[in-house]
Amino acid sequence: MSRLLGLGIDVGTTNTKVALVAAPESAADGTVELLAVAAAPTPEPAALDRVLRELTVRALATARRSEGDPRAPGARPGPAPVPLAVGVASMAETGVPLDAGGHPLGPWLRWDGQRAAAEAAALADRLGVTALFEATGVRPSAKVPLATLAWLAAHDPGRRAALARWAGVADLAALRLTGELVTDHTLAGRSMAYRLPPAGAALPTAFDADLLAEVGLRPEHLPRVAGPGAVAGTVRPGSWVAAGLRAGTPVVVAGHDHAVGAWAAGVRAPGTTADSIGTAEAVCTVLSADPVRADVARAGMSLVRTVAGRPALLAGSSSAGAMVRWWLEHEAAGSAADDLFAAVAALPPADRPDPADPAAPVVLPYVSGRQTPDPDPTARVRVLDRGDRGPVALAAAMVDGLALQARWMLDMQLRLGAAADPELRPERLVVLGGPASRNTAWMRAKAEAGPVPVRLVDCAEPVAAGAALLALHRAGLLDPDDPPVLPALGGLPDGHPLPAPRPDADAALARFVRAARAAAVPDDTRYPTPGGHP
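Computed from a prediction, not measured in an experiment: that's the story for all the values here. (Residues numbered from 1 in each chain as written. Predicted model: local features only at pLDDT ≥ 70, side-chain atom pairs only at ≥ 80, totals over all residues. Heavy atoms only, no water.)

1. Quick notes on the pattern of salt bridges
Using the criterion set out here, one finds 24 salt bridges in the structure. The partner of Arg-517 in a salt bridge is Asp-374, and the shortest N-O contact between them spans 2.5 Å. Taken together, the residues Arg-517 in helix α17 (residues 505-518) and Asp-374 in the loop between β15 (362-364) and β16 (382-384) connect sequence positions 143 residues apart. We classify Asp-374 as partly exposed; its relative accessible area is 30%. The structure contains a network of salt bridges with shared partners spanning Asp-275, Glu-281 and Lys-446. (Salt bridge = Lys/Arg side-chain N within 4 Å of Asp/Glu carboxyl O. Helix = DSSP H or I, 4+ residues; strand = E, 2+ residues; numbered from the N terminus. Buried < 20%, exposed > 50% of the residue type's maximum accessible area, 1.4 Å probe, protein only.)

Encoded structure:
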């Protein structure tokens, strides 16, 4: 079986990774192998191209050394690996103005800057919150680029006057690789400047002229939008060839990091769900038909398209890894995370709180509000019915709370999807990303919470690997009907089998939701009330 080499780039909020991947032609021939990864803190725009080239040199060198057997006498490194395609994924809702020469003007205007709240509110007042969501599938907020562009005109007129083009993060990387300014529809769809088409219609290849006119711009100021399956361009001669790529290699703007990781993990068909866990948690369910957009907006979710163009629902919770950090600070001071979770995983079943038991503790994991379902920016962490439970049992209840919040998001997505297509059936939940997916206690709680079987992705860099895989796919090098997927664990991270959903999982969820809806204020004034809302 031949191995196809792809290079994947993932420019994240904190770190940037470049991965070299080997893939079979189809899923039937095996799974994807991560050969090498190089990482660095995410640079500002002016340094992005240099840092990406340096990481590429490191990743290719690591893979080359691994081709030889260092134990053999006179061993030499193997031949230099040659990627056949390059894919770039990135965080969404982040970009930078470019001058007429294509040079960045200042630092990133990032999704988490919270600078454009007033501009988002003004757009919502002028155009209508419901109308904006109906048009774009995105709720007006401080992080959307359309609001950021309005902020730029009001607060940084010099930079706005010099703006010739606007580039998202992945777009700027692809521009340096190919000379073409192109974005992916999954990134455009997070901007609130890209109009979702009616159900069944083709995705637009440009940003929306009417929405951009609200901030004094035209579609030609923004990148061209590549649709599903499109290639952005090819590697041009010059510095990237010196870094180890061949001129003419296809380059793909793979898209929004969540969407890319989900596709690579096998979340492609209606009824499949990706659960991406890091500091925050994103749950994305693929649908067979567009739901009622107003219902999606009321639920606090976004209507998006997958990398293949299918409708999907995206829900977010700011409290995943952030909740674990909060718990270690407020409830388990002095404990290391690994030790605490190992103790939770080792709890005998008789000592574990039953989340369906009316007397068991309930932990509402809302460090900074609840975005969805039933959006509530004032929601905060609460520990209910703690009784005389010890710290390990309470930590187990916290893990159950995280799992049940994710289950609530999934259930709402399935309900919205089934309203549009009564034949929609939940298939599986695929968990990927970060230390959480290697946390036995957390993954056991997630599997037991139901309602569908769980698959745990076994890949340290699913987005970077997914970008490489998607690039090979769009370059026409993989089986178009059965492209390979990232590998999965055979069970829990500790080697035990994944449990089936608990028989009383629905009752546990109902109890959790009742507690979440009834909670209004923290029950313990020792805990500070953090500001902000995702």
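Read on for the rest.
2. Considerations on the environment of Asp-290
With respect to the helices, strands and loops of the structure, Asp-290 is situated in the loop between β12 (281-286) and α11 (293-298). A C-alpha to C-alpha distance of 43 Å links Asp-290 and Val-241, two positions 49 residues apart in sequence. For Asp-290, the contacting residues outside a window of four places in its chain are Pro-197, Ala-199, Leu-303, Arg-305, Pro-311 and Ala-420. There is a polar contact of 3.2 Å between the side chain of Asp-290 and the side chain of Arg-293. (Contact = heavy atoms within 4.5 Å. Polar contact = N/O pair within 3.5 Å; in protein donor to acceptor, adjacent residues only side chain to side chain.)

3. Some details on the sheet that holds strand β2 (residues 15-23)
Strand pairing in a sheet relies on backbone hydrogen bonds. The paired strands run either parallel or antiparallel. Strand order across the open sheet formed by six strands is β3-β2-β1-β4-β10-β9, with mixed pairing between neighbours. At either margin of the open sheet sits one strand with a lone partner, and together these are β3 (33-41) and β9 (233-234). Inspection of the sheet shows strand β4 (residues 85-90) paired to strand β10 (residues 250-256) by five bridges, in the parallel sense. Its bridge partner lying in β10, Gly-87 is registered against Val-252. Packing against the sheet, helix α10 (residues 257-264) makes contact with β1 (4-11), β4 and β10, and its axis sits at approximately 105° to β10. (Pairing = 2+ DSSP bridges. Axes fitted to C-alpha atoms, helices over the stretch in contact; angles between N-to-C directions.)

All we've got here are geometric facts, nothing functional implied.
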